[in-house]
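Descriptive analysis of the structure
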Amino acid sequence: MSSFATLLVSCPDRKSLVASLAQVLYGHGANIVDADQHTDTVAGQFFQRVHFDLSDLHTDRTSLEHAIREVAARFEMTYRLTQSSAIKRVAIFVSKYDHCLYDLLLRHRSGELACEIPLIVSNHEDLRPVAAQFGVRFEHLPVTKETKAQQEQQALGLVREAGASVVVLARYMQILSNDFLRAYEGDVINIHHSFLPAFVGGKPYHRAYERGVKLIGATAHYATADLDEGPIIEQDVVRCSHRDKVDDLVRKGRDLEKLVLARAVRLHLADRVLVYDNKTVVFE
């Protein structure tokens with residue numbers, strides 16, 4: 001896969017965008033394997049994902065990147081170019097709930113998630129045995145009100161030391177500061193129940209049961225300074241009924257949480273997500 005690359009593009013919508021990019025790639029000998037595009041006619045924005053083969057380039061990659069930059073400047077494009085050989089490294093943050101952590105580690109072991117997982121950070125010791133089972137470094141950084149800022153700086157240092165470019169909050173029950181989120185802007189993925197904003201705070205499933213909800217959901221999104229309001233990557237729901245007790249709602253909700261989080265992480269790793277105006281374009 002080292003000969004493949006992916007180009008993600010967003011810019012004001014104009015004529016000849018697709019042709020210009022295709023011409024640049026073709027002119028350098030790149031073979032487009034897959035291309036998808038979307039135009040937001042309300043916002044007047046154009047988005048495209050191009051996956052292409054570099055094995056038959058008749059220039060070099062530096063020349064190709066320079067040509068892409070020239071097109072980007074001409075059309076006021078924001079773009080990201082990644083090579084498939086550049087495997088992303090993921091740090092997972094957890095607290096006590098293990099369902100999302102187990103799911104990510106199992107999917108990684110099976111080869112479903114194309115990444116490396118060098119680090120697990122937790123504010124509790126409970127999940128250390130899980131990390132040991134999968135051979136992943138586990139760091140326990142307890143949090144108190146007085147030590148929260150110091151703990152977060154330690155966590156940030158560990159992520160950098162591990163060379164991780166993506167942070168996944170797999171039911172990490174702590175709020176990250178703006179400084180942390182700015183350091184990894186667009187690369188921190190969070191999961192939560194999608195009752196929000198209906199049942200904020202503690203015991204959402206108990207309150208949902210009392211309200212008699214008919215749908216249980218989960219949402220994966222990029223974490224931002226606005227708590228639980230970042231751009232949504234993936235969501236799903238499952239029906240429930242009057243027969244479901246609180247434990248049933250919790251079980252259904254957790255099943256969805258791990259499924260939705262895994263989908264979001266996989267999409268991010270494959271460079272299939274573009275963010276704009278606190279929304280996302282997700283190329284399936």
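A few points on the structure. (Residues numbered from 1 in each chain as written. Predicted model: local features only at pLDDT ≥ 70, side-chain atom pairs only at ≥ 80, totals over all residues. Heavy atoms only, no water.)

Overview of the environment of Gly 217
- Of note, Gly 217 is situated in strand E10 (residues 215-222).
- Along the primary structure Gly 217 and Glu 161 are separated by 56 residues, whereas in three dimensions their C-alpha atoms are 35 Å apart.
- Setting aside chain neighbours within four positions, we find Gly 217 in contact with His 193, Ser 194, Asp 236, Val 237 and Leu 256. (Helix = DSSP H or I, 4+ residues; strand = E, 2+ residues; numbered from the N terminus. Contact = heavy atoms within 4.5 Å.)

Some remarks on the state of the cysteines
- In the structure shown here, the tally under the stated rule is zero disulfides.
- Its sulfur unpaired, Cys 115 is 15 Å from the next cysteine sulfur, which belongs to Cys 100.
- Overall, the relative accessible area of 9% leaves Cys 115 in the buried class.
- This cysteine, Cys 240, is not joined by any disulfide, and Cys 100 carries the nearest cysteine sulfur, 19 Å off. (Disulfide = S-S within 2.5 Å. Buried < 20%, exposed > 50% of the residue type's maximum accessible area, 1.4 Å probe, protein only.)

Focus: the packing of helix H3 (residues 99-109) against helix H8 (residues 246-269)
- Where H3 contacts H8, the two axes come as close as 9 Å, and the packing angle between them is 45°. With respect to H8, the element H3 is oriented oblique. Helix-helix and strand crossings are classified by hand; for H3 and H8 the assignment is right-handed. Within the contact between the two elements, H3 uses His 99, Cys 100, Asp 103, Leu 104 and Arg 107 and H8 uses Arg 254, Glu 257, Lys 258, Leu 259, Leu 261, Ala 262, Val 265 and Arg 266.
- Grouping the constituent residues of the contact of H3 with H8 by class yields six nonpolar, one polar and six charged. (Axes fitted to C-alpha atoms, helices over the stretch in contact; angles between N-to-C directions. Parallel < 35°, antiparallel > 145°, perpendicular 65-115°, else oblique. Left-handed = near helix turned anticlockwise from the far one by under 90°. Nonpolar A, V, L, I, M, F, W, Y, C, P; charged D, E, K, R; others polar.)

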